[in-house]
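# Examining the three-dimensional arrangement
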Amino acid sequence: MAESKRRGEEPADDDFDDLDESFDDAVDDDADDDEDQPVSRGGTATRERRKTEPADKPKAKKDVARVGIFGRLVRFFREVVAELRKVIWPTRKELLTYTAVVVVFVAFMLAIVAGLDYGFAKGVLFVFGNQE
């Protein structure tokens, strides 16, 4: 009868042998593919970065032509217009609904603050009295 493996039970010795063989096979397969990659002990293996620079990339900021103040302002306004075109504008009905919600909320909060202010003022006058 075959033994069933349960959570918490330790595997038999032959199970470890199977794991070792499959691990060795996986390591051998990886070694064939990545021979040029250095191996680091106790850390993450990393490749060395190759220093390649594109030929069309400018070497320094001085090589790039500077844009004047008016050119930068024009570019700024063009970008603002481009961003405003991306905005999803609300319809008239949505705008009126949102406005009504905000006005009602502000009126409600104003009533709460005014009520608390009036109550605290009466309380202070009651405790300390009119100093006339």
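Residues numbered from 1 in each chain as written. Predicted model: local features only at pLDDT ≥ 70, side-chain atom pairs only at ≥ 80, totals over all residues. Heavy atoms only, no water.

### Thoughts on the UniProt feature "transmembrane region" (unreviewed entry) in the protein chain
As recorded in UniProt, the feature "transmembrane region" (unreviewed entry) lies at residues 95-116. Helix makes up 100% of residues 95-116 and strand makes up 0%, while its end C-alpha atoms are separated by 32 Å. (UniProt positions renumbered as here; feature names shortened; annotations may be inferred. Helix = DSSP H or I, 4+ residues; strand = E, 2+ residues; numbered from the N terminus.)

### Some points on the packing of aromatic side chains
Per the counting criterion, the structure on display carries one aromatic pair. Where F76 meets F77, the ring centres are 5.4 Å apart and the plane angle is 65°; that geometry is what we call edge-to-face. (Phe/Tyr/Trp six-rings, centres within 6.5 Å; stacked < 30°, edge-to-face > 60°.)

### Details of the pattern of salt bridges
In this structure the tally under the stated criterion is one salt bridge. Linking E83 and K86 is a salt bridge whose minimum nitrogen-to-oxygen distance equals 3.2 Å. Remark: K86 and E83 occur in helix α2 (residues 69-86); sequence separation between them is three residues, near one turn of the helix. For E83, a relative accessible area of 47% translates into the label partly exposed. Residue classification places K86 among the exposed positions, given a relative accessible area of 59%. (Salt bridge = Lys/Arg side-chain N within 4 Å of Asp/Glu carboxyl O. Buried < 20%, exposed > 50% of the residue type's maximum accessible area, 1.4 Å probe, protein only.)

### Some words on a nonpolar patch on the surface
A cluster of nonpolar side chains, namely I69, F70, L73, F76, F77, V80, L84, V87 and W89, defines an oily patch on the protein surface of about 950 Å² accessible area. On the secondary structure map, L73 appears in helix α2. Residue classification places L73 among the partly exposed positions, given a relative accessible area of 41%. (Patch = residues over 30% accessible without salt bridge, like charges linked within 9 Å, V, L, I, M, F, W, Y side chains within 5 Å. Areas by Shrake-Rupley, 256 points an atom, 1.4 Å probe, with all protein chains shown as cover.)

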